[in-house]
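Residue strings, one per chain:
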Amino acid sequence: MASSSEENYLKNIYLVLEKNGNVPVTTNELSDSMEIKAASVTDMLKRLSERRLLHYKKYQGVLLTQKGKARAVDIVRKHRLWEYFLVEKLKFQWDEVHDVAEELEHVSSDILVDKLDAFLGRPKFDPHGDPIPDQQGKISVNKFKNLSALRVNDKGKVAAVIEQQPNFLQHLDHLHIHMGTPIKVVERVEFDKSMGIVVNNSSTTHISYDIAKNILVAK
Ligand SMILES: [Zn+2]
């Protein structure tokens, strides 16, 4: 069985690969994203490579093997199911669940996870709109659009957030923007790519490009 620390590496490699479109992940990228010294990262990558969980060549970065990817997807599945549980059943706020799920994702009982999944009604997306892999590791593909790419008069409902730092989520709370909130674009400022949006069919708010590019909407 893999240790929590090994699981965290596999998960982080998977998430970076997903974000970068499967470009091999470098030691420095991992060291930055996990806030761990590069030397320790290198040691762990060697160890995981010996166990055939990833392909590692010095200076070339890493890719996951099939076995490594399956492990990573399983951890991501647990993380997102626990987040869903915490928000839906225990009424946590969406900015409070990530750190708790970081611990719960390492629970190793498959039966517990499958029962949890069934209990929750086999949800497809977590409270931040990230897809929850199913028992076979299949992941639903979303057709969400980036809010920053919408034009004036385009409408949609908030379906996912890319940035998930608590202070960003709290700022969205402040703007009354949550999962499922209807949004309509009423202005686009080409100079700085900021936008005027109508939130919830009521108030108009001006948001920066940094905010818009971190929100995905479904039409
Ligand atoms: Zn999440």
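Residues numbered from 1 in each chain as written. Predicted model: local features only at pLDDT ≥ 70, side-chain atom pairs only at ≥ 80, totals over all residues. Heavy atoms only, no water.

Participant: Help me out: how do you make sense of the nonpolar core in this one?
Facilitator: Most often, soluble globular proteins keep nonpolar side chains buried together rather than apart. Within the largest apolar cluster, 21 residues are counted, with the highest numbers of intra-cluster contacts made by Ile13, Leu45, Leu54 and Leu64. For this core, the secondary-structure elements that each account for two or more residues are helix 1 (4-20), helix 2 (27-34), helix 3 (38-50), strand 1 (54-57), strand 2 (61-64) and helix 4 (66-88). Broken down by element, the residue count for this core peaks at six residues, all from helix 1. When near neighbours in sequence (up to four residues on either side) are disregarded, Leu45 contacts Ile13, Thr27, Leu30, Leu54, Tyr56 and Val62. With 20 residues, the next largest nonpolar core counts Leu147, Leu169, Ile183 and Val185 among its residues. (Core = buried A, V, L, I, M, F, W, Y, C linked by side-chain atoms within 4.5 Å. Buried < 20%, exposed > 50% of the residue type's maximum accessible area, 1.4 Å probe, protein only. Helix = DSSP H or I, 4+ residues; strand = E, 2+ residues; numbered from the N terminus. Contact = heavy atoms within 4.5 Å.)

Participant: Just checking my understanding: could you explain the packing of aromatic side chains for this structure?
Facilitator: What describes a pair of aromatic rings is the distance from one ring centre to the other and the angle between the planes of the rings. Applying the stated criterion across every chain, the model contains two aromatic pairs. Between the aromatic rings of Trp82 and Phe85, the centroid separation amounts to 5.7 Å while the plane-to-plane angle is 85°, which identifies the pairing as edge-to-face. One end of the pair is Trp82 and the other is Phe85, both in helix 4 and three residues apart, which spans about a single turn. When sorted by exposure, Trp82 lands in the same class as Phe85, which is buried. Considering the side-chain rings of Phe125 and Phe144, the 5.6 Å spacing of their centres and the 45° angle between planes classify their relative orientation as tilted. Linking Phe125 in the loop between helix 6 (110-119) and strand 3 (145-146) with Phe144 in the loop between helix 6 and strand 3, this pair joins segments that are 19 residues apart in sequence. (Phe/Tyr/Trp six-rings, centres within 6.5 Å; stacked < 30°, edge-to-face > 60°.)

Participant: Looking at this structure, how should I read helix 2?
Facilitator: Every buried residue of helix 2 is listed here: Thr27, Leu30, Ser31 and Met34. Buried residues of helix 2, seen end-on, are gathered within an arc of 100° and therefore sit on one face of the element. Exposed positions of helix 2 whose direction lies more than 90 degrees from the buried face are Asn28 and Asp32. On its buried face, helix 2 sits against helix 1, helix 3 and strand 1. Within two residues after helix 2, Glu35 carries a phi angle of roughly 55°, on the positive side. (Arc of directions from axis to C-beta.)

Participant: Is there a simple way to think about the pattern of salt bridges in this case?
Facilitator: Enumeration according to the criterion identifies 11 salt bridges in this entry. Residue Arg80 pairs with Asp126 through a salt bridge whose shortest N-O separation is 4.0 Å. Separated by 46 residues along the polypeptide, Arg80 in helix 4 and Asp126 in the loop between helix 6 and strand 3 bring together distant segments of the chain. Both residues of the pair, Arg80 and Asp126, belong to the buried class. Its salt-bridge partner being Glu190, residue Arg188 comes within 3.3 Å of it at the nearest N-O pair. For Arg188, a relative accessible area of 28% gives the class partly exposed. Overall, Glu190 belongs to the exposed group, its relative accessible area being 58%. Shared partners join several salt bridges into a network, and the residues in it are Arg77, Asp114, Asp117 and Arg122. (Salt bridge = Lys/Arg side-chain N within 4 Å of Asp/Glu carboxyl O.)

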